[in-house]
Amino acid sequence: MEPRRAAIVGTGLIGGSIGLALRARGWHVTGTDHDQSRAGRAVELGAIDEVGDDPTAEITFVATPVGEVVDVARRVSAAGGGAVTDVGGVKQLVVSGVDHPRFVGGHPMAGSEQEGIEGATADLFDGAVWVLTPTAATDDAAYTTVRSVVASLGAEVVELDPDRHDRLVAVVSHVPHLTAAALVTMAAERSEEHRALLRLAAGGFRDMTRVASGHPAIWPDVCAANRGAILDTLDDLSGALAVMRDIVERGDPDELLAALGRARAARTSLPSRGVRPDELAEVKVPIRDRRGELASVTTLATDLDVNIYDIEIDHSAEGDRGVLVLVVDAERAERLIGGLLAVGYRPSSRSLT
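Bear in mind the structure is a predicted one, so any value in this text is a computation, not a measurement.

Trainee: Mind showing me how you'd approach the packing of aromatic side chains here?
Mentor: For any pair of aromatic rings, the description rests on two quantities: the centre-to-centre distance and the angle between the ring planes. A complete count under the given rule lists 2 aromatic pairs for this structure. Between Phe 125 and Trp 130, the aromatic rings sit 5.0 Å apart at their centres with planes inclined by 50°, giving tilted as the arrangement. A relative accessible area of 0% places Phe 125 in the buried class. Residue class for Trp 130 comes out buried when judged on its relative accessible area of 0%. Each member of the aromatic cluster is reached from another via a ring pair, and the members are Phe 61, Phe 125 and Trp 130.

Structure representation (structure tokens):
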């Protein structure tokens, strides 16, 4: 059998890691980069099979800086018939700018302190969250392709509305990075007066500020594209710090313990990956065989905090209907069914055990 074919535009850390992961699974991967030497190095390291475009590719990953994604994704979408996705950390600007049914906005929330193609690894996405942002205009076949390929790389796929994605990543990614950078800068400035300070900056300080060691070049584009959400979150953070300052200033131990206890409980309740087959259920959803139905159902699942582990569409041989088959957490299947019933679907479910 001929290998499945994929293309990558941008052979840096993320693009190179995608290439390595795909090739490890038997794909033929073509890649390009504005830096020809980097594309050549990607061939040497086994991240791609050859340098060049591939209009016959089943899927193309645009792994360029955010500011370049729209132009590149438009060009790639016009040149071939495959699905197209990106890896940028901002989605609303990108999705609205590309505006093509075969484009599915994407954001793998994975990274490394290593930079460029030299830091690429085939297992970078194992256990990582990979956000997809389909819309009502997204072609279901293209979306299914992107989702299945991304999941095959070991990622946990989460569907979000593009605008909601940007608001959420401002909280969990963008502002934490800026905060870490501010803390490290503050410590470095004070170390001029207190040389022992940075030698003491171990443990919690290093863990909290580790993200500040990431490559800074991506952040001007990200901050420009998501300025509004980032500013809102910075304002919220300033308010939260003001509350904490007030508690410390008043010397109220009970209130301080309560605040830190709430934070600890929230931190320990963060979800962890890993599920057994007996914890899964299959939910079947009859749908109209038309564009946007798949995006509506999967985005609703995210809104209801129901994780989808696998997805399949059974198309009807007759008429314009099909069945969407979802594999979800068994304990949350009823929540999903209730949400689907509320918006007019008629789902059913069964345990996989």
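Next comes the rest of the account.
Trainee: Help me understand the pairing of strand 6 (residues 103-108), please; the structure alone is not making it clear to me.
Mentor: Each regular strand carries side chains that alternate between the two faces of the sheet. With 6 of 6 residues buried, strand 6 is to be regarded as a mostly interior element. Of the two faces of strand 6, both are covered, the one formed by Phe 103, Gly 105 and His 107 as well as the one formed by Val 104, Gly 106 and Pro 108. Across 2 bridges, the pairing between strand 5 (residues 83-86) and strand 6 is parallel. Residue Val 84 lies in a different strand from strand 6, and its bridge partner there is Phe 103. Taken together, strand 5, helix 4 (residues 92-98) and strand 6 form a β-α-β motif whose crossover is right-handed. When strand 6 meets strand 7 (residues 129-133), the two strands line up antiparallel, connected through 4 bridges. Bridge pairing in strand 7 links His 107 to Val 131.

Trainee: Help me understand the sheet that holds strand 8 (residues 156-159) in this model?
Mentor: For sheets, the rule is that strands pair by backbone hydrogen bonds, running either parallel or antiparallel. If you walk across this open sheet you meet the 8 strands as 3-2-1-4-5-6-7-8, and the pairing is mixed. Looking along the sheet, the strands with just one partner apiece sit at the ends: strand 3 (50-51) and strand 8. Bridge count for strand 2 (residues 28-32) against strand 3 is 2 bridges, and the pairing is parallel. Paired with Thr 30 across the bridge in strand 3 is Glu 50.

Trainee: Just checking my understanding: could you explain the environment of Gly 154 for this structure?
Mentor: Relative to the helices and strands, Gly 154 is located in the loop between helix 5 (140-152) and strand 8. Judged by its relative accessible area of 18%, Gly 154 is buried. Along the sequence, Gly 154 and Gly 127 sit 27 residues apart, while their C-alpha atoms lie 5.9 Å from each other.

Trainee: Explain the packing of helix 6 (residues 162-190) against helix 10 (residues 227-250) to me, please; I cannot follow it from the model alone.
Mentor: Two quantities define a packed helix pair, namely the angle between the axes and the distance from one axis to the other. Relative orientation of the contacting elements helix 6 and helix 10 amounts to 65°, with a least axis distance of 9 Å. In the packing of helix 6 onto helix 10, the handedness of the crossing is right-handed. Between helix 6, through Asp 166, Arg 167, Ala 170, Val 171, His 174, Val 175, Leu 178 and Thr 179, and helix 10, the contact on the second element is made entirely by Ala 229, Ile 230, Thr 233, Leu 234 and Leu 237.

Trainee: What am I meant to see in the pairing of strand 11 (residues 321-329) here?
Mentor: Counted residue by residue, strand 11 has 7 buried out of 9 residues, so it is predominantly covered. Examined bridge by bridge, strand 9 (residues 280-288) and strand 11 share 9 bridges and lie antiparallel to one another. Of the residues in strand 11, the one forming a bridge with Lys 284 is Val 325.

Trainee: Would you explain the pattern of salt bridges in this entry?
Mentor: Going through the model one piece at a time under the given rule, you end up with 16 salt bridges. For Arg 23, the salt bridge is made with Asp 49, and the minimal N-O distance between the two is 2.8 Å. Taken together, the positions of Arg 23 in helix 1 (residues 13-24) and Asp 49 in the loop between helix 2 (36-44) and strand 3 put the pair 26 residues apart, joining distant regions of the chain. For Arg 23, a relative accessible area of 32% translates into the label partly exposed. Relative accessible area serves as the criterion here: at 29%, Asp 49 is assigned to the partly exposed category. When salt bridges that share partners are traced, they join Asp 246, Arg 250, Asp 252 and Glu 255 into one network.

Trainee: Help me understand the side chain of His 28, please; the structure alone is not making it clear to me.
Mentor: Within the fold, His 28 resides in strand 2. With near-sequence residues (within four places) excluded, His 28 lies in contact with Pro 3, Arg 4, Arg 5, Ala 6, Asp 49 and Glu 50.

Trainee: What am I meant to see in the side chain of Asn 307 here?
Mentor: Looking at where Asn 307 falls in the secondary structure, it is placed in the loop between helix 12 (293-303) and strand 10 (308-315). Owing to a relative accessible area of 13%, Asn 307 belongs among the buried residues under this scheme. Of note is the side chain of Asn 307, whose polar atom sits 3.4 Å from the side chain of Tyr 309. Sequence-distant contacts of Asn 307, that is, excluding residues within four places in its chain, are made with Glu 156, Val 157, Val 327, Val 328 and Asp 329.

Trainee: I tried to follow helix 1 on my own but got confused; where do I start?
Mentor: Taking 1.5 Å per residue, 12 residues should reach 16 Å; helix 1 reaches 16 Å between its end C-alpha atoms and fits that length. Summarising burial for helix 1: 10 of the 12 residues are buried, a large majority. For helix 1, the elements touching its buried residues are strand 1 (5-9), strand 2, strand 4 (59-62), strand 6, strand 7 and helix 5. Of the residues trailing helix 1, Gly 26 is marked for its positive phi of about 95°.

Trainee: What exactly am I supposed to notice about the nonpolar core here?
Mentor: Side chains of nonpolar character tend, in soluble globular proteins, to be buried together. Counting residues in each nonpolar core, the largest one holds 53 residues, and the members touching the most others are Ile 18, Leu 22, Phe 61, Trp 130, Leu 324 and Leu 326. The leading source of residues in this core is helix 1, at 6 residues. Excluding its chain neighbours within four sequence positions, the residues that come into contact with Leu 22 are Ala 6, Trp 27, Val 29, Phe 61, Val 149 and Leu 153. Residues Val 70, Val 72, Val 94 and Trp 219 belong to the second largest nonpolar core, which totals 16 residues.

So, how was this worked out
- Residues numbered from 1 in each chain as written.
- Predicted model: local features only at pLDDT ≥ 70, side-chain atom pairs only at ≥ 80, totals over all residues.
- Heavy atoms only, no water.
- Phe/Tyr/Trp six-rings, centres within 6.5 Å; stacked < 30°, edge-to-face > 60°.
- Buried < 20%, exposed > 50% of the residue type's maximum accessible area, 1.4 Å probe, protein only.
- Helix = DSSP H or I, 4+ residues; strand = E, 2+ residues; numbered from the N terminus.
- Pairing = 2+ DSSP bridges.
- Right-handed = clockwise from strand over helix to strand, strands pointing away.
- Axes fitted to C-alpha atoms, helices over the stretch in contact; angles between N-to-C directions.
- Left-handed = near helix turned anticlockwise from the far one by under 90°.
- Contact = heavy atoms within 4.5 Å.
- Salt bridge = Lys/Arg side-chain N within 4 Å of Asp/Glu carboxyl O.
- Polar contact = N/O pair within 3.5 Å; in protein donor to acceptor, adjacent residues only side chain to side chain.
- Expected span 1.5 Å × (residues − 1).
- Core = buried A, V, L, I, M, F, W, Y, C linked by side-chain atoms within 4.5 Å.

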